[in-house]
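Given next are the chains, with one letter for each unit.
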Amino acid sequence: MKMLVPSDMIAAQSKMVYQMNKYCTDRVQVRKAQIHKTIQEVCRIVQDVLKEVEVQEPRFISSLNDYNGRYDGLEVISPTEFEIIIYLNQMGVLNFVDDGTLPGCAVLKLSDGRKRSMSLWVEFITASGYLSARKIRSRFQTLVAQACDKCAYRDIVKMIADTTEVKLRIRERIIVQITPAFKCAGLWPRSASHWPLPGIPWPHPNIVAEVKTEGFDMLSKECIALQGKNSAMEGDAWVLSFTDAENRLLQGDYLRMINL
């Protein structure tokens, strides 16, 4: 039996499709192009700032690299707000400690107090043997402030004061937060051991294994969950980030497997 569709309904659908395509062309594509242009400028300026930082302190090596138009560690928060993750090297003699006492966070502790001098980050290790996220961020903030005054874009880039985060303001309208971090590959935090939930078909065990092998990041940034709690570990704690894991799960091939 053939179903007849009223002509006025077909006309309405055609009009809606036309309006959606027009909106996509006039608004979405234009906005996308503007954001892409902003990203190119932001990354060019930040790369120049970080080049100056590296001259002052070789331990802070820029990991902001262009891979076929995509920048590793770049996250777009809004059309005028961005976060850039800078990966630090050599956790070395530090152990990852995730005992659940710091929600959403973990600490890095010396495996052996006698190995303190072997750490690349020795002056940022507390008397208790913890690598302080806040101390590293404070040092990085000082270096970035000096680099902003020396870089080629010093007339349009300024440090934002009154914050413990490393934030830049570009052309008075763009905000960029630069966050030092360690990439933790090959391990998975105990606080996330509940993922994935048992009994659900997605993600496939092979995907889970791949994501967990890829690991997660530990970010040196203020932890909202610890603010105001006067935790003795607040300044030493590193915020756990699973952005890369989430992006991997959102890749096309993995999404298609949900519907299999």
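This one's a predicted model, so the numbers in the text were calculated from it and none came from an experiment.

1. Topic: the confidence of the model for the protein
- Mean pLDDT over the protein works out to 86, with 88% of the residues at or above the 70 mark.
- The lowest-confidence element of the protein is helix α5 (residues 252–258), averaging 52 in pLDDT; the highest-confidence one is strand β8 (residues 167–170), averaging 96.

2. Remarks on the packing of aromatic side chains
- Scanning all chains against the criterion turns up ten aromatic pairs.
- Their ring planes at 35° and their centres at 5.9 Å tell us that F216 and F242 sit as a pair that is tilted. Here F242 lies in the loop between β11 (238–241) and α4 (243–249) and F216 lies in strand β10 (residues 216–219), a separation of 26 residues in the sequence.

3. Topic: the pattern of salt bridges
- This structure, assessed with the given rule, holds twelve salt bridges.
- Between E214 and R248 there is a salt bridge, with the nearest N and O atoms lying 3.5 Å from each other. Placement of E214 in helix α3 (residues 205–214) and of R248 in helix α4 is noted, with a sequence separation of 34 residues between them.
- Residue classification places E214 among the partly exposed positions, given a relative accessible area of 37%.
- Look at the salt bridges and you will find they share partners, linking R134, R137, E165 and E222 into a network.

4. Overview of the nonpolar core
- Core analysis: the biggest nonpolar cluster contains 52 residues, and V46 and L131 have the highest contact counts within it.
- Looking at this core element by element, the count peaks at nine residues for helix α1 (residues 7–56).
- Leaving out residues up to four positions away in the same chain, L131 has contacts with L94, L108, W121, F124, I125, I136, F182, D236 and W238.
- In this structure, I85, V107, Y130 and A181 belong to the second largest nonpolar core, which totals eleven residues.

5. As for the side chain of T179
- Here T179 is to be found in strand β9 (residues 174–184).
- Polar contacts involving the side chain of T179 include one to the side chain of Q177, which spans 3.4 Å.
- Ignoring anything within four residues of it in the chain, the contact list for T179 reads E83, I84, I85, I86, L219, S220 and K221.

6. Details of unusual backbone geometry
- Cis geometry marks the peptide bond from W195 to P196, where omega comes out at -5°.
- Here P196 shows up in the loop between β9 and α3.
- Cis geometry is adopted by the peptide bond preceding P203, which originates at W202 and carries an omega value of 0°.
- The phi torsion at D162 lies on the positive side, around 60°, for a residue other than glycine.
- Take D162: it is sitting in the loop between β7 (157–159) and β8.
- For E172, which is not a glycine, the phi torsion comes out positive at approximately 65°.

7. Focus on helix α2 (residues 133–150)
- Taking 1.5 Å of rise per residue, 18 residues should cover 26 Å, and α2 covers 26 Å from first to last C-alpha, within 8% of that figure.
- By the burial criterion, the buried members of α2 are A133, I136, R137, F140, Q141, L143, V144, A147 and C148.

8. Description of α3
- Residues of α3 that are buried: I207, V208 and V211. Each buried residue of α3 lies within a common arc of 100° when the element is viewed along its axis, so the set occupies one face. Facing away from the buried side of α3 by more than 90 degrees, the exposed set consists of P205, N206 and T213.
- The first or second residue beyond α3 is G215, which carries a positive phi of 90°.

About the thresholds
- Residues numbered from 1 in each chain as written.
- Predicted model: local features only at pLDDT ≥ 70, side-chain atom pairs only at ≥ 80, totals over all residues.
- Heavy atoms only, no water.
- pLDDT = per-residue confidence, 0-100.
- Helix = DSSP H or I, 4+ residues; strand = E, 2+ residues; numbered from the N terminus.
- Phe/Tyr/Trp six-rings, centres within 6.5 Å; stacked < 30°, edge-to-face > 60°.
- Salt bridge = Lys/Arg side-chain N within 4 Å of Asp/Glu carboxyl O.
- Buried < 20%, exposed > 50% of the residue type's maximum accessible area, 1.4 Å probe, protein only.
- Core = buried A, V, L, I, M, F, W, Y, C linked by side-chain atoms within 4.5 Å.
- Contact = heavy atoms within 4.5 Å.
- Polar contact = N/O pair within 3.5 Å; in protein donor to acceptor, adjacent residues only side chain to side chain.
- Expected span 1.5 Å × (residues − 1).
- Arc of directions from axis to C-beta.

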